[in-house]
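# Observations on chain architecture
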Amino acid sequence: MARHLITSAIPYINGIKHLGNLIGSQLPADLYARYQRARGNEVLFLCATDEHGTPAELAALAANVPVVEYCREMHKVQSELADAFGLSFDFFGRSSSPQNHKLTQHFAGRLHAAGLIYEVTESQIYSVTDNRFLPDRYIAGICPACGYERARGDQCENCTKQLNPTDLINPRSAISGSTDIAMRETKHLYLRQSALKEQLDQWIDEQTDWPILTTSIAKKWLHDGNGLQDRGITRDLDWGIPVKRGAKAWPGMEDKVFYVWFDAPIEYIACAQEWVDSGEGENWKRWWRLDEGADDVRYTQFMGKDNVPFHTLSFPATLIGSGEPWKRVDYIKSFNYLNYDGGQFSTSEGRGVFMDQALALLPADNWRWWLLSNCPENSDSEFTWESFQTGVNKDLADVLGNFVSRITKFCQSKFGNKIPDGGSYGPVENEVISELALRLANYEAAMEGLEIRKSAQELRAIWAVGNEYLQKVAPWVTIRDNPTQAAVQVRLALNLIPLYAILSEPFIPNASKMLLSAMKAPTPTWPIDLDTALKALKPGHVFEVNGPLFSKISDEQRDLWQEQFAGGREST
RNA sequence: GGCGUGGUAGCUCAGUUGGUGAGAGCGCCGGAUUCAUAACCCGGAGGUCGGCGGUUCAAGUCCGCCCCACGCUACCA
């Protein structure tokens, strides 16, 4: 039995995520985790909220609650939405957990001992009014190049010119608008990533099977300009993990916290500890420590392309630099962006559909199916209401839902609510089974290879086989003069339903459950031998005939939703 | 500016290491069918594979230049 460690990039705490965030890491990670579990493999699937950093502090400020409380509430909200979307995390942790505090400080101590951390005194912009140092993008002012009045300290959004905060004319705090800002000296810790460049470079070169998107981003950072740059790993904030060397104080760094990007990936490990400490799991080290049983683990990470540098370089640098035998990632699956109706999804502008809104409209499986079967694997892809409507109606309602509906109803009217008896599978049935075997192999290969769109296509083709078979043998005709033959045909078709349930479970877990419950069938194991699997429901086995598995999206609904979501979300 | 990723049928996209007349889904047209959520099934039309040039017996696939879209560019995360 293979062992799979799977992590999704951890979503930031400051609000409810939109569908672009969802398909960019959590949902494909869930697909893979469910698939590997279904194949009988041992899986540890982890995710968490990423809670530190300036935006969290500001969001809490805006909500007028202490940041600790804000994060606790938002973690709960995100956790509930994850459940509602069927994200099957073994544990959904928090980067602010005590476990992560301790582990992050541990890594810092190890890196310091290895000579990989040094102190830098630098000048940064400080807002007296806000009583805080300001990250570049939280400084606003007039662009020296184009005169745009709301240029940010890192870049002018109007002319796209790269800027330094000191370039801005009439700089002011983007938080309060105050112009009472000044340069102040502050001391920070830097991680000497440059010292690990050769090791990282070699490691990336070894990953010949990774997506081009992943390796090209990593190589760019390794080789651009002067090569991999050292990176500041501390910040002047209140909310975060206090800077320490292991359990010991770090002289001169008493008021600092670690940079969110330093502690966030470490949470992947700490999350496994949280899983154990919560009582849900045991022995996290056999997943994470090569010296304690993790040597046979295959570790797959899922993330949006913006996360790639941290996962290919900074985090591995932390692990390598520690000198300890931590499990490192075996495969990184990265995603492009899902756009919304001609533009980007945007959390700050409330543009697009957010997870809570999506579930208020339709069941999770509808979203899961469309998002996964259109996931932005090779390039950015586009959500339109029309495409969503078509995907849901054709694939789920017409192909899968209608298949179940037509055969169960037909059986009910001719044979009653039980699997009909008599006859046995003949050449036509064997042909169907052979075709399914072929398609199943394709489906499995696509899933193993993490080709998500392709696996969705293969699954859809498997669903279509049922309709093709019915169309070909036409039991509604057969039954007129050969009821036994019709019984055989109906029996095979009904046996496809539990098969479809198990094969479709990674994509549409709730519908899968409904199928099994309608057939009154226990959860089948992944089919090894289709001939056997398609005889699982014996003659006489009783089932239920339910209403439609998926209802369709009408043109009126589509137009209404399109209209409704055109204006953007009301800010909360 | 630098780097990256894309530009293939009306739309959304597949197209392994260059090799029989370029594919899928949707849409459209036609046919068949009536068990079913006016669903399903079969067939068809439709593309000078962004442009120009080159390598080759042979290029959507390799090379060069150009055009277009999007993304990243290290203190947002």
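Look a little higher up for the structure.
Conventions we followed
- Residues numbered from 1 in each chain as written.
- Chains lettered and ligands numbered in written order.
- Predicted model: local features only at pLDDT ≥ 70, side-chain atom pairs only at ≥ 80, totals over all residues.
- Heavy atoms only, no water.
- Salt bridge = Lys/Arg side-chain N within 4 Å of Asp/Glu carboxyl O.
- Helix = DSSP H or I, 4+ residues; strand = E, 2+ residues; numbered from the N terminus.
- Buried < 20%, exposed > 50% of the residue type's maximum accessible area, 1.4 Å probe, protein only.
- Axes fitted to C-alpha atoms, helices over the stretch in contact; angles between N-to-C directions.
- Parallel < 35°, antiparallel > 145°, perpendicular 65-115°, else oblique.
- Left-handed = near helix turned anticlockwise from the far one by under 90°.
- Contact = heavy atoms within 4.5 Å.
- Lys, Arg positive; Asp, Glu negative; His and termini not counted.
- Polar contact = N/O pair within 3.5 Å; in protein donor to acceptor, adjacent residues only side chain to side chain.

Right, let's talk about the pattern of salt bridges for a bit. Scanning all chains against the criterion turns up 32 salt bridges. The salt bridge involving Lys-472 is made with Glu-431; its shortest N-O contact spans 3.3 Å. Here Glu-431 lies in helix H13 (residues 427–448) and Lys-472 lies in helix H14 (residues 452–473), a separation of 41 residues in the sequence. Where Arg-439 meets Glu-435, a salt bridge forms, and the shortest distance between an N and an O atom there is 3.1 Å. Placement of both Arg-439 and Glu-435 in helix H13 is noted, with a separation of four residues, approximately one turn of the helix. Under the relative-accessibility criterion, Arg-439 is labelled partly exposed at 26%. For Glu-435, a relative accessible area of 27% corresponds to the partly exposed category.

Once that is clear, we can look at the packing of helix H6 (residues 212–223) against helix H9 (residues 308–322). Following both chains from N to C, one finds H6 and H9 inclined at 55 degrees, their axes separated by 9 Å at the closest point. Taken together, the axis directions place H6 and H9 in an arrangement best described as oblique. Seen along the crossing, H6 lies across H9 with a hand that is right-handed. Of the residues in H9, those in contact with Thr-214, Ile-217, Ala-218, Trp-221 and Leu-222 of H6 are Val-308, Pro-309, Thr-312 and Leu-313.

It is worth spelling out the side chain of Glu-429 at this point. Secondary-structure assignment places Glu-429 in helix H13. The side chain of Glu-429 sits in the buried core without any salt bridge; Arg-491 is the nearest counter-charge, 8.9 Å away. There is a polar contact of 2.9 Å between the side chain of Glu-429 and the backbone nitrogen of Gly-426. Those residues in contact with Glu-429 that sit more than four places away from it in its chain are Tyr-469, Gln-485, Val-488, Gln-489 and Leu-492.

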